[in-house]
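Examining the three-dimensional arrangement
The primary structure of each chain is shown beneath.
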Amino acid sequence: MKIIQRTPLTDPDKLPERLHPVLRRVYAARNVGTERELSTRLEHLHPLTALSGLQRAVDLLCDALRDGRRILIIADFDADGATSCALAVRALRLLGARDVRYVVPNRFQFGYGLTPEIVAVAAQQQPDLIITVDNGISSVEGVRAALMRGIRVLITDHHLPGAVLPEADAIVNPNQPGDEFPSKNLAGVGVIFYVMTALRTRLREIGWFAQQRIDEPNLAQILDLVALGTVADVVPLDHNNRILVAQGLARIRADVCNAGIRALLQVAGKPPQRSSANDLAFLIAPRLNAAGRLEDMALGIECLLSDDDAAALGMARRLDELNRERRCIEATMQEQALSALAAMRLDAEALPRGVCLFDPAWHQGVIGILAARIKDRLHRPVIAFAPADAGELKGSARSVRGVHIRDVLDAVAARHPGLLSKFGGHAMAAGLSLKPENFDAFSAAFDLEVRHHLPEEQIHGVIESDGALSAEEFSLELAEALRAAGPWGQGFPEPLFDGIFEVIDRRIVGERHLKLALKPDGAARPLDAIAFNACSNAAAPPAIFPGAQLRVAYKLDVNEYRDERSLQLLVQHMEPAD
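Heads up: these notes are all about the structure in this document. Every chain is numbered independently, its residues counted from 1 as its sequence is written. pLDDT decides what is reported in this predicted model: residues at 70 or higher carry local features, side-chain atom pairs at 80 or more are listed and counted, and totals for whole chains, interfaces and linings draw on all residues regardless. As a rule here, side-chain values come from all non-hydrogen atoms in the structure, and water together with hydrogens is ignored.

1. Considerations on empty space enclosed by the protein
Grid points spaced at 1 Å and placed over the protein atoms alone form the basis of the search, with a cavity being a set where a 1.4 Å probe fits but cannot get out and a pocket an open set showing protein on both sides within 12 Å along at least five of seven lines. Lining residues have an atom within 4 Å of a point. Grid points are joined across faces, edges and corners, and a volume is the space filled by probe spheres set on the points. Summed over the entire model, instances satisfying the criterion amount to one cavity of 30 Å³ or more. Taken as a whole, the largest cavity encloses approximately 30 Å³ of empty space. Taken together, Leu 60, Ala 64, Arg 69, Asp 128, Leu 129 and Arg 152 make up the lining of the largest cavity. Ten residues, namely Ala, Val, Leu, Ile, Met, Phe, Trp, Tyr, Cys and Pro, are considered nonpolar, four, namely Asp, Glu, Lys and Arg, are considered charged, and the remaining ones, Gly among them, are considered polar. Across the lining of the largest cavity, the residue classes break down as three nonpolar, no polar and three charged.

2. Observations concerning the sheet that holds strand S6 (residues 170-172)
DSSP bridges decide pairing: two strands pair if at least two such bridges lie between them. The way it works is that DSSP assigns letters per residue, a run of H or I at least four long becomes a helix, a run of E at least two long becomes a strand, and they are numbered from the N terminus. Across the sheet, which stays open at both edges, the five strands sit in the order S3-S2-S4-S5-S6 with parallel pairing between neighbours. Unpaired on one side and paired on the other, strand S3 (99-103) and S6 mark the two borders of the sheet. Each strand of the sheet is rotated relative to its neighbour by a mean of 20°, with strand direction disregarded. In this structure, strand S2 (residues 70-74) lies alongside S3, joined through five bridges in parallel fashion. Across the sheet, Ile 71 pairs through a bridge with Val 100, a residue of S3. Packing of helix H3 (residues 54-66) onto the sheet brings it into contact with S2, strand S4 (129-133), strand S5 (152-156) and S6, and relative to S5 it is tilted by some 135°. Working convention: axes come from line fits to C-alpha atoms, limited for helices to the stretch in contact. Angles between N-to-C directions cover 0 to 180 degrees. In this description, contact between two residues means that some pair of their heavy atoms is separated by no more than 4.5 Å.

3. Topic: the layout of surface pockets
Considered as a void within the structure, the second largest pocket measures approximately 290 Å³ in volume. Asn 185, Pro 236, His 426, Ala 427 and Met 428 are the residues nearest the centre of the second largest pocket, which is lined by 19 residues in total. For the lining of the second largest pocket, the residue count by class is nine nonpolar, eight polar and two charged.

4. Brief notes about the packing of aromatic side chains
Stacked, edge-to-face and tilted are the three classes for Phe, Tyr and Trp ring pairs, Trp counted by its six-membered ring, which pair at centre distances within 6.5 Å; planes under 30 degrees apart are stacked, over 60 edge-to-face, the rest tilted. Inspection of every chain in the model, using the stated rule, returns 12 aromatic pairs. Between Phe 358 and Phe 439, the ring centres sit 6.0 Å apart and the planes meet at 50°, which makes this aromatic pair tilted. Pair noted here: Phe 358 is in strand S7 (residues 355-358) and Phe 439 is in helix H17 (residues 439-451), with a separation of 81 residues, a long-range link. Accessible area is worked out with a 1.4 Å probe on protein chains only. A residue is then buried under 20% of its type maximum, exposed over 50%, and partly exposed in between. Assessed through its relative accessible area of 35%, Phe 358 is described here as partly exposed. Looking at Phe 439, the relative accessible area reads 15%, which means it is buried. For the ring pair Trp 488 and Phe 492, a centre distance of 5.2 Å and an interplane angle of 15° mean the geometry is stacked. Aromatic rings pair up to connect Phe 358, Phe 385, Phe 439, Phe 442 and Phe 446 into one cluster.

5. So, the nonpolar core
If you look at the biggest cluster of nonpolar residues, it comprises 146 residues, and the most contacted ones within it are Tyr 27, Ile 73, Leu 92, Ile 131, Met 196 and Leu 556. Element by element, the count of residues in this core is highest for helix H7 (residues 188-205), at 10 residues. The contact partners of Ile 73, leaving out residues within four places of it in the chain, are Cys 85, Ala 88, Val 89, Leu 92, Val 100, Arg 101, Tyr 102, Val 103, Ile 131 and Val 133. The term nonpolar core refers to a set of buried residues drawn from Ala, Val, Leu, Ile, Met, Phe, Trp, Tyr and Cys, joined through side-chain atoms within 4.5 Å. In terms of nonpolar packing, the next biggest core, distinct from the first, is built from 24 residues, Phe 385, Leu 419, Phe 442 and Val 450 among them.

6. What to know about the packing of helix H9 (residues 223-232) against helix H12 (residues 277-294)
Orientation of H9 relative to H12, taken along the N-to-C sense of each, is 85°, at an axis distance of 9 Å. Put simply, H9 runs roughly perpendicular to H12. Of the residues in H12, those touching H9 at Ala 227, Leu 228, Val 231 and Ala 232 are Ala 277, Leu 280, Ala 281, Ile 284, Ala 285 and Leu 288. Per-class residue counts for the contact of H9 with H12 are 10 nonpolar, no polar and no charged. Small angles under 35 degrees read as roughly parallel and large ones over 145 as roughly antiparallel, with 65 to 115 read as roughly perpendicular and the rest as oblique.

Following this line, the structure appears as C-alpha cells:
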C-alpha cells in the first residue's frame, strides 16, 4: 500500500480565517475555494429550471392530480430505489394526489427496471400514469408495452442512457443527452425530489392548495429520505449533493425524521442526534438493502412509509435480521472467492486487472457486496456472477477510482457484439447479464479493456493523505470540527492523515481488533487508537510491538463511551517506518 499526499486544488488561504488551518487545507484538497461552496443552505441548490424534461413531467403530474387519476410508482430494489419510492408516495399524497400506489420488482423474479413483465403486473392495478424512480432510462421495451396499454409513463432516473431512449411521455434524468443540469451526480432520490419540488411550485402557481383546502407542504420534511438514498447509492458528493445530505442529516439529528429511519438507527444502536453520513452508509443502508437482496424490498419501502413508531420498529427489526443473514451468506461467498483466487497462485501483477468471479452456488442478491469486498482487497474492478433466471448469469460490478465501469462495459459490448445480453449502471457500480458459455470470453475482454484504464501502480493500493498533524493539532476540538465539516462520502472523502508514531502499548480486543497507544513525535503523551480487523487468529501483526516506529494513516475520531467524549485515532493502515 502506498501513501500519497493530496494536492491542494484551490488556495487554502482564500478560505475564511474562522476555519481551523487543517480544515482549510482539507477543503482546498477537495477543490473547495469559496465561502459559497462551504454553504449547505437550500437556497444554494442548482435551480429546478436547469433539469430538462421537468416542465413536461409537471404537466403530466398536474393532469393526474387534477383528474384524480391512479398513479403507480415503479421502484428499484436497492436503497436509492426504496427511498425514491417512499419519497414519491409521501410527496404526492402531501400534494393532494388521491390514489398513489407502488410496485417494486422482485430481484429474483423480474430483474431490474420497467420490463414488459413488470408492466403486465402493474397493469393489474389499472394505473393511468406510471412513474419510474431510480430506473427506466434503458426500459425501451417496457415503456412501449405500457404505452400500448394506454398507460402514460414518466421516467425519473439518473443512470447513464443507452443509444436509444424510451418513448416515454416525459423523461427527467440529468444524464440524458442535451441536459444542462450542472450536476450529473444526483441519485435517483435526488431526481424525484426535484420533480416533486417543481410540482409543488406549479400547484402553488395555479392555486391548487386553496382549491383543495389543504396546506401547502414543506417538502424539507422528506429531505431525510434524500440524504439516505444519496449516501446509500455512493454517488459523488458534489456541492449540490452535500447540500441535500446535510439538510437531511439536520432533520435526523433534530429527531424530526422519518419513523423508519429512526427505527433503523435504533436497531443499529445509534442515537439520531449523533448520526452522520457514515451511519447512513454503513448502518442504515445495509439493513434497508437486505430486504431487496434476500426477500422483497417492499418491506424496506413500507418501513420508510410508516408513520407509526412501533410498526416501523417491528419492520426495522426484521430488516436487521435479514442483514445478519446476508452477512453470513456474504462471509461464506467471500471465503470461497478468496480460496478461488488463492488457487490461481498469482501475484498482484499476474492477476487480471479486471477480475471476474463465478460460483454456481452464489446468491445473486449478495454478489454486489461480494464484488465490493474483493475490489477493496485487490484494488481493481471486480465483477461477481451468480446463476439467474432463463439460464443466464447475472453479474454485479464494482470499480475503483479512475475506471468508469459502465463505460468499460459499453466498450466491451461495442467490440464484441452479442457477448453481453444487457448491462447498465454508472461510474462505480453496474449490473450485467450474459450466457454461461460467454463467461470466459467476457472475462478476457473485460480484463483487456480495464488494462486501458487502470495504471499498474494503482493495483498495489493507494492511500491519499491530507498530510501530517503537529503534536498540538491532536485535539478533541479538531476532531469535532472535522466531523461537523462534512458530510463526507464518495468524491468528498473524510479527512485522513498520516505520520510517524511510536507504539507505547497494544492489546487485542474483540479477538480481531487492535487497541493501541501511539505517541507522535513531539507529543507529551500517547494517543488512543484502534485498528479494526487488524488481528489474524487473535494475534497482532509481528511488526507492531512496544517501542516500534510505525507510519500510520488514520482518521481523527470522537470516541463516545459512557457519556464521555475523547479523541481517538481510527487506524486505516500501518507499516514499519523507514
